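What follows is the residue order along each chain.
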Amino acid sequence: MKAAMSIKRVLSCSLVLVAVVGSATASEKLVIEAGRIITVQGPEIADGVIVIEDGRITAIGPASEVEKPWDAPVLGGPEFTAFPGFIEANTTRGLDRANESVDVAPFLDVRDSLDPINFFFEDCKRWGITTISVQQGSDCVIGGRGRVVKPHGDTVEEMTVRPSFGLVLSASPKRGKSRATQSQALRQAFTDLREHLEQLVQEKRDGNDRARREALYQGRDLEGERGKGRAMTATAWKVDGLELVPRGQVDEKQEPLLDLVEGRVAAFFHCSQPMDVHRALEIARDNGFLARTTLILEPACWKAADVIAEAGVPVVLTGDLTHTEREPLTGEELETFVPTVYRDAGVRFALSSENSSTQSLWYQAALAVGGGVSRQTALEAVTRVPAEILGLGDRVGALAEGMDGNVVILTGDPLSSTTWVDTVVLEGEAVYRRDEDVRNRHLLEGIAQPGTQPAAGSSDVAAEAEPESEAAMAEPDEASGEETGPDSGEEASNEEEEDTEQ
Amino acid sequence: MKPWNTLALALAATFLSEVAEGQKAGVDEFYVRSARIYLGDGREVEDGVLYVRDGVIQSVGRGVAVPSGKRTLQHDGVLTPGIISCASNLGLAGESGDSARADLSEGRLADAYQPSHTDYAHALEFGVTTTVLTPSISSVVGGSAVVVKTDGSEVLDRDSHLVVSFSTPALQADRAPTGYAGALALLEEHLASPTGVWAEAEAGRLPLMMHAGPRHEVARAIAFATQHGLQGSLIGAAWADDVLESLRASGLSVVVGPFRTGTSPRTLDTVVSLAEAGIPFAFAAEDSRVPTDPVRFSVALCVRRGLDESAARKALFGGAALIAGVADRVGTLERGKDADFILWDGDPLDLTSSPRAIYVKGRLVTQEKH
Amino acid sequence: MISVGWTLLALTTSAALPQEEETTWVIRAQTVYTAAGDPIEDGAFIEVEDGIIEGVGSGSRGGDGALECFAVTPGLIDLSVRIASSRWSVEESDEVQLAARMADAVDLFSYRWGREARSGVTSALVSPPDNNVLGGLGIALKTAGEPTLEARLLRDDAVLRGSFGDYPARHSTPNRLAVGPPRDFRTRRPATRMATEWVMRDAFYKGIAAKRSGTAYDGAEVLESVLSGERPMIVQAWATQDIRTAAFFKAEFSIPRMIIDGAAEAWREPELLRSSGASVVLPPMVFGQRARDNAFYTLSCAKTLHDAGIPFALSGHGAERSDERLAYQPAHAMRGGLPFEAALEAVTMAPARMIGVEDRVGSIEAGKDADLVLWSGRPFEPSSRVVGVLVSGRLVLDPRPTE
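If you're wondering where the values come from, they're calculated on a predicted model, not measured in any experiment. Throughout this description, residue numbers start from 1 for each chain and increase along the sequence as written. Lettering of chains starts at A and numbering of ligands starts at 1, both following the order in which they are written. Given that this is a predicted model, residues contribute local features only at a pLDDT of at least 70 and side-chain atom pairs are listed and counted only at 80 or more, while totals for whole chains, interfaces and linings are drawn from all residues.

**Student:** I keep staring at the overall build of chain C and nothing clicks. Help me out?
**Tutor:** Numbered from the N terminus, helices here are DSSP runs of H or I no shorter than four residues, and strands are runs of E no shorter than two. When helices and strands are tallied, chain C shows eleven helices and 15 strands. By its C-alpha atoms, chain C is 75 × 50 × 40 Å across when sized along the principal axes. In chain C, which comprises 403 residues, the share counted as buried stands at 61%. Long-range pairs, those at least 24 residues apart, make up 68% of the contacts in chain C between residues at least 6 apart in sequence. Around each residue's C-beta, the other C-beta atoms within 10 Å are counted; 20 or more make the residue buried, 12 or fewer make it exposed, and counts in between make it partly exposed. All C-beta atoms are placed from the backbone. Contact between two residues is assigned when their C-beta atoms, built from the backbone, lie within 7 Å.

Structure (structure tokens):
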């Protein structure tokens, strides 16, 4: 009897042990083996091992030199390549809508608009993107606060890597505005801030209690740090006497701009034309946040590369990496490969995935190599440079001891067209496995139509439903199959072509 | 009455009667001595004389003797023939095409010509004495063009050209043909069994005018004319410099313009290329709704771009008359041609100069207002 | 042997690219993919004389004047390039246009030709847009050279173009007028798929009946050529139902050569397509993989056709974005499992055979036109780029570094 019970106990203990070993939670250990480890910041490691403990890389090196904890599950294998998780420096995807209609809305926060089950995040895992900076779009004068997230989690909080990160400004005009009115609106926003702060200071000097009453009425927090005043620490312009004003009494619509001017907030400044670059840099300089500015550029801005280099700010490249213009006198097209222009000018650039899983970050990096950028620069443009832009340079963007355990296990070279993401490890947890990705199978092979191929039971019913949601998740400008691309576009552009020969 | 009063009255009466007689068409005889005369064929004469009688030029040149007592006008500026525009829709708003059908083969623009329309007086004020009225670019076959004198005195040619269009305004979505292939098929069908105007065109008795915009339309028009051995000119052809060889080989001429300040420099360069290649060209008149000089602005833009001045003048006068098919009557200052001429205060290619007096068939039709 | 003589054509063309008359070259590369057997690796050369390939082989030839690159493939051939897509490129007064010729409507001066040529497409089939049920006769042209039909012609009246599916119906106006006469002939056009198919069938029946009774029928010769197999018919069909319609139509009229263009859902009917004998042109990959007519385009579609032995080609549809053009399409097919050799064939010999121009283009063999694409790396990889292009021996894109 006693022996039987002890056997039972041993059995149940071992069951528990197996259960413990079988799962890979953040507090556990994980070992990744790979025939090739691309660290990005250092030399490649052949037949290497990465050890992740408590979400961080504790050891990385050749298998012969790294001790693997005996109780850690092992992922990967000699046929795989390990790579840091790709990093998306700026995207509006994952939000329900990119912008508000209000011109100046720095008080908004994408936290309230981010949808954890948006198809985009699933797609990010599929293509190995592990850190994403979700920001508002460029259809604004000044937009709201963004957030750095990882593509895994049931709530926004679970997904968050850096809350309240980034503020969006746009030098390229908001819809309905001209560049003149856009520039004016930008300048006015900072003038309004200044006037607001001066008013607050004056009121305090006059013994006017209005600001405090208003803060209380709005239910703002006036405790602790929020109840204290602080002198303005801006570099470009200052309002004297701000220490008289408790920070909590600054209007919540203005406060994010105050943070911006004091250099505490990263700024993402959108430019679509070279002239916008001048405007953006001027506004950033005049208001003291140039050091925290990253430009989000459309292809034509390559013409302002020297100006950007002089300002020393990094950039994120969006759109087609080849800029095309038509020569007005001959009608011929001139093509410029944009990344090489920035490389030659000495500007640090990050790439961004275009609205397509077929054109994700690996693809952009591959295109960059094709265009003449070195492999190392191209890989850094999708890892280290965006990591630095997001202020996470010491945590993500490379594989090294101390960095977050964000590893993508690939079936081949990251820039090869036949390579798949096999597994995604996020902070030491395997959050994506290709062999479990039902939707990827559908993208690859399609869904069996009932009657044409043997049905696989209820999973097909669910599978049939999925394409609809995919179509719904498609970008607004790419309606499900109707009038896609070539023909509708060509009619317009062909008719345009008639006009040039006048 | 005192004798000197009578004399004064008599002289005044004589002068007035002479002037009055001079106003009567076809009866007058007078001489014009001008510091400079452009003959309209590229040649010019300094200190020349033009002799007009019965509305017809009798002689012109340096050595023309002026008998004493003959009425002589002294002009210290430039004398040129009247300007000839080779395509226009002056006075025709809405009448030069038909929205319901694309084929108006037997249509004649002469049937829509209203000599009293103010467009013509307006054009005349700027020196355009003769113009071709052309069916619109929006008809695949627009019908016959007509050449008129802008003073309303005469129709020079009721059926001067058969006008067709190879261009997209003629290809409308709600009537046949809707596309280039259909338009070409329509034209080929006409030439397969030509009747009426098409028979005339095929026989070489009626030249064609072909509206064409972008280069491929121009290439198509040239190929069509060459294939069927048709003569005539292109209208438009903005960037024809890309098809210069085939254009030259075809023997077609080109009616260019009107040009505005926004016109592409390439288009103006094409006119320069045409002149350099020796391809005959002339200018179209600006739409009457635009209150500017209908022709000279286009010419000035080309000259500024590098068009040779004598080529420009030829395109305004003699060359234009050849393209319009009325060179037997107008275009150059030559014995036997109509006395259509303009007295300018400066060179007509210079936009700051303007006509002091304009004569059509020897009759003063407008005079500079002071 | 190599004379790098420069002659600028002053009068006839004014393109931005230097107009070299030179049509004699030596090209050196690490690998030459001939599309006519195994690639030549570890050093290869191609000799071009007067625009024709003289020889291709292993080793090194030529001196300093040779063009050098990493790899060479034959010029790419796009059967669905959609260059002339304005509404003036198709005669819509009647939805059946058997004899309308693209030769009469194509714009050889369009900047789109330069775009295709620079991105590696050296030959293209230009068909009328699918506003009609039967649009007319497409033309196969080189994408570069003098802007005349004579200089660029590969094959005139090469195909009869038709369309199933939704697109022709979209260009009709439903006849639901409350007041007044019909606005235009568009109210008479087919507004549904069944009417579209009916019109197509009607045209064929009428043609056959006219031939039997000896009466005249506009376009009879064209129909005759399609029914005899002398001329292929290329039809647009994206979704499964339309692909089926096309296959059934082919069988019903015993059309020997039919090409189904845009068959994104061909992966659903491999057996039907194989037994029908039709060939397929696949469209470019789209985001979300939902193509026209809501067709679901899988990554492995090309592989499925390849495994079933169905002849197929890839196409680029004249994409605006540089990274969506034909040169970048094989990568998606390879991701879906298509082997490299089959991907190469799908943009070279397969389309050439489909329209009967394989004697002139499609592979790097002595005697064929010197249509070549020079790559900076392994062809079709996005990390590789088209660095040089020759069309009929003329250098359209110069791989040599500028000073």
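**Student:** Looking at this model, I keep getting lost on the overall build of chain B. Mind explaining?
**Tutor:** Each helix and strand counted, chain B has ten helices and 17 strands in total. Over its C-alpha trace chain B gives a radius of gyration of 22 Å, about what one expects of a compact globule, namely 21 Å for 370 residues. Dimensions of chain B along its principal axes, counting C-alpha atoms only, are 85 × 40 × 35 Å. Here chain B holds 370 residues, and the buried ones make up 54% of them. For chain B, restricting intrachain contacts to residue pairs at least 6 apart in sequence, the fraction spanning at least 24 positions comes to 67%. For this measure, only C-alpha atoms enter the radius of gyration; the expected value for a globule follows 2.2 Å times N^0.38, where N is the number of residues.

**Student:** Explain the interface of chain B and chain A to me, please; I cannot follow it from the model alone.
**Tutor:** Opposite the eleven residues of chain B that make contact, chain A presents five residues. With three residues, helix α7 (residues 265–276) of chain B is the largest single contributor of residues to the side of chain B that touches chain A. Polar here means any residue outside two lists: the nonpolar Ala, Val, Leu, Ile, Met, Phe, Trp, Tyr, Cys and Pro, and the charged Asp, Glu, Lys and Arg; Gly therefore counts as polar. Along the lines of polarity and charge, the residues of the side of chain B that touches chain A split into four nonpolar, five polar and two charged.

**Student:** How do you make sense of the domain arrangement of chain B when you look at a structure like this?
**Tutor:** By convention, interface size is frequently given as the accessible area that disappears when the constituent parts associate. All names here are of chain B. When the domains of chain B are assigned, the result is domain 1 (21–81 + 333–367) and domain 2 (84–324). Relative to domain 2, the C-alpha centre of domain 1 lies at a distance of 29 Å. No other element matches the three residues that strand β16 (residues 355–360) contributes to the side of domain 1 that touches domain 2. Counted by class, the side of domain 1 that touches domain 2 contains ten nonpolar, four polar and three charged residues. Where each domain starts and ends comes from a domain assignment, either automatic or drawn from a database.

**Student:** Is there a simple way to think about the sheet that holds strand β15 (residues 341–344) of chain B in this case?
**Tutor:** Hydrogen bonds between backbone atoms are what pair the strands of a sheet, whose relative direction is either parallel or antiparallel. Residues and elements named next belong to chain B. Strand order in the open sheet made by the seven strands is β3-β2-β1-β4-β15-β16-β17, with mixed pairing throughout. In this open sheet, the two strands that pair with only one neighbour each are β3 (56–61) and β17 (363–367). Between one strand axis and the next, the sheet turns through 35° on average, direction left out of account. At least two bridges found by DSSP between two strands is the condition for calling them paired. Inspection of the sheet shows β16 paired to β17 by four bridges, in the antiparallel sense. Bridge pairing in β17 links Val360 to Arg363. Axes, fitted as lines to C-alpha atoms, cover a helix only where it is in contact. Angles between the N-to-C directions of the axes lie from 0 to 180 degrees.

**Student:** Help me understand the sheet that holds strand β11 (residues 267–271) of chain A in this model?
**Tutor:** All names here are of chain A. On the basis of which strands lie adjacent, the open sheet formed by six strands has the order β7-β10-β11-β12-β13-β16 and mixed pairing. The open sheet is flanked by β7 (142–145) and β16 (349–351), the only strands paired with a single partner. Ignoring strand direction, the axes of neighbouring strands in this sheet form an average angle of 25°. Pairing of β11 with strand β12 (residues 293–297) involves five bridges; the strand directions are parallel. Counted as the bridge partner of Phe268 is Thr294 from β12.

**Student:** Could you clarify how one ought to interpret the domain arrangement of chain C in this entry?
**Tutor:** Residues and elements named next belong to chain C. Looking at chain C, the domain boundaries give domain 1 (25–74 + 367–397) and domain 2 (76–165 + 218–354). In this structure, domain 1 and domain 2 have C-alpha centres spaced 26 Å apart. Of all the secondary-structure elements, those providing two or more residues to the side of domain 1 that touches domain 2 are β4 (67–74), β14 (386–391) and β15 (394–397). Considering only residue class, the side of domain 1 that touches domain 2 consists of eleven nonpolar, two polar and three charged.

**Student:** Before we go on, may I ask you to explain helix α7 (residues 274–286) of chain A in this structure?
**Tutor:** Given 3.6 residues per turn, any residue in an α-helix points the same way as the ones three and four places further on. Residues and elements named next belong to chain A. Here the expected length of a helix is defined as 1.5 Å per residue gap, with one fewer gap than residues. Taking 1.5 Å as the rise per residue, α7 with 13 residues should run 18 Å; its terminal C-alpha atoms sit 19 Å apart, in good agreement. Among all positions of α7, only Asp276, Val277, Arg279, Ala280, Leu281, Ile283 and Ala284 are buried. Buried residues along α7 sit in contact with α4 (179–205), β11, β12 and α8 (305–311). Backbone geometry just after α7 places Gly288 at a positive phi near 75°.

**Student:** How should the confidence of the model for chain B be read in this particular structure?
**Tutor:** The predicted coordinates ought not to be read in detail in places where the model reports low pLDDT. Confidence in the prediction of chain B, expressed as mean pLDDT, is 90, and 91% of residues score 70 or more. The score called pLDDT rates the predictor's confidence residue by residue, from a low of 0 to a high of 100. Here residues 20–26 of chain B is a poorly scored stretch, pLDDT under 50, and it has eleven contacts once near neighbours within four places are set aside; other chains count.

**Student:** Explain the pairing of strand β6 (residues 128–133) of chain B here, please?
**Tutor:** Side-chain positions along a regular strand alternate between the two faces of the sheet. All names here are of chain B. Of all six residues in β6, six are buried, a share of seventy percent or more. Two strands pair when backbone bridges link them, and strand β5 (residues 83–85) and β6 are joined in this way by three bridges, in the parallel orientation. Counted as the bridge partner of Ile84 is Thr130 from β6. By convention, a crossover is right-handed whenever its connection, traced from the first strand over the helix to the second and viewed with the strands pointing away, goes clockwise. As for the winding sense of the linkage, the β-α-β connection from β5 through helix α2 (residues 118–125) to β6 is right-handed. Here four bridges tie β6 to strand β8 (residues 146–149), and the two strands are oriented antiparallel to one another.

**Student:** What's the story with the nonpolar core in this structure? I'm lost.
**Tutor:** Considering soluble globular proteins, one finds that nonpolar side chains tend to be buried as a cluster. The biggest cluster of nonpolar side chains holds 242 residues, and the ones touching the most others in it are Leu50, Cys86 and Val255 of chain B together with Val72 and Val280 of chain C. Among the elements that make up this core, the one with the highest residue count is helix α5 (residues 215–228) of chain B (six residues). Sequence-distant contacts of Leu50 of chain B, defined by excluding residues within four places in its chain, comprise Tyr31, Val32, Ile37, Ile57, Val60, Leu79, Leu333 and Phe341 of chain B. In plain words, the nonpolar core is the set of buried Ala, Val, Leu, Ile, Met, Phe, Trp, Tyr and Cys residues that C-beta atoms within 7 Å link up. Counting 126 residues, the second largest nonpolar core, distinct from the first, contains Ile57, Ile87, Ala311 and Ala365 of chain A.

**Student:** What exactly am I supposed to notice about the packing of helix α4 (residues 193–213) of chain C against helix α5 (residues 220–228) of chain C here?
**Tutor:** Working note: a packed helix pair is described by the angle between its axes plus the distance between those axes. All names here are of chain C. Here α4 crosses α5 at 100°, and the two axes come no closer than 10 Å. Between α4 and α5, the interaxial angle falls into the category roughly perpendicular. Contacts from Phe204, Gly207, Ala210 and Lys211 in α4 reach Ala220, Leu223 and Glu224 in α5. Partitioning the contact of α4 with α5 into residue classes produces four nonpolar, one polar and two charged. The cut-offs work like this: below 35 degrees is roughly parallel, past 145 is roughly antiparallel, 65 to 115 is roughly perpendicular, and the gaps in between are oblique.

**Student:** Any chance you could explain α2 of chain B here in plain terms?
**Tutor:** All names here are of chain B. Among the residues of α2, Asp119, Tyr120, Ala123 and Leu124 are the ones counted as buried. Taken down its axis, α2 places every buried residue within 135° of arc, on the same side. Gly127 lies just past α2 and shows a positive phi near 100°. Read the arc as the range of directions from the helix axis to the C-beta atoms.

**Student:** Sorry, what's going on with unusual backbone geometry here?
**Tutor:** A negative phi angle characterises most non-glycine residues, just as the trans form characterises most peptide bonds. Here the residue pair Ala176 of chain B and Pro177 of chain B is connected by a cis peptide bond, since its omega of -10° sits within 30 degrees of zero. The residue after Gly257 of chain B, namely Pro258 of chain B, is reached through a cis peptide bond having omega -5°. Position of Pro258 of chain B among the secondary structure elements: in the loop between β13 (253–256) and α7. Residue Ala35 of chain C is not a glycine yet carries a positive backbone phi of 60°. Within the fold, Ala35 of chain C resides in the loop between β1 (25–32) and β2 (44–49). A positive phi angle is found at Asp50 of chain C, which is not glycine, with a value near 50°. Positionally, Asp50 of chain C belongs in the loop between β2 and β3 (52–58).

**Student:** In this structure, what is going on with the environment of Thr322 of chain A? I would like to understand it.
**Tutor:** Among the secondary structure elements, Thr322 of chain A is positioned in strand β14 (residues 322–326). Sequence separation between Thr322 of chain A and Gln249 of chain A is 73 residues; the distance between their C-alpha atoms is 49 Å. Setting aside its immediate chain neighbours within four residues, Thr322 of chain A contacts Glu335, Phe337 and Val338 of chain A together with Ser322 of chain C.

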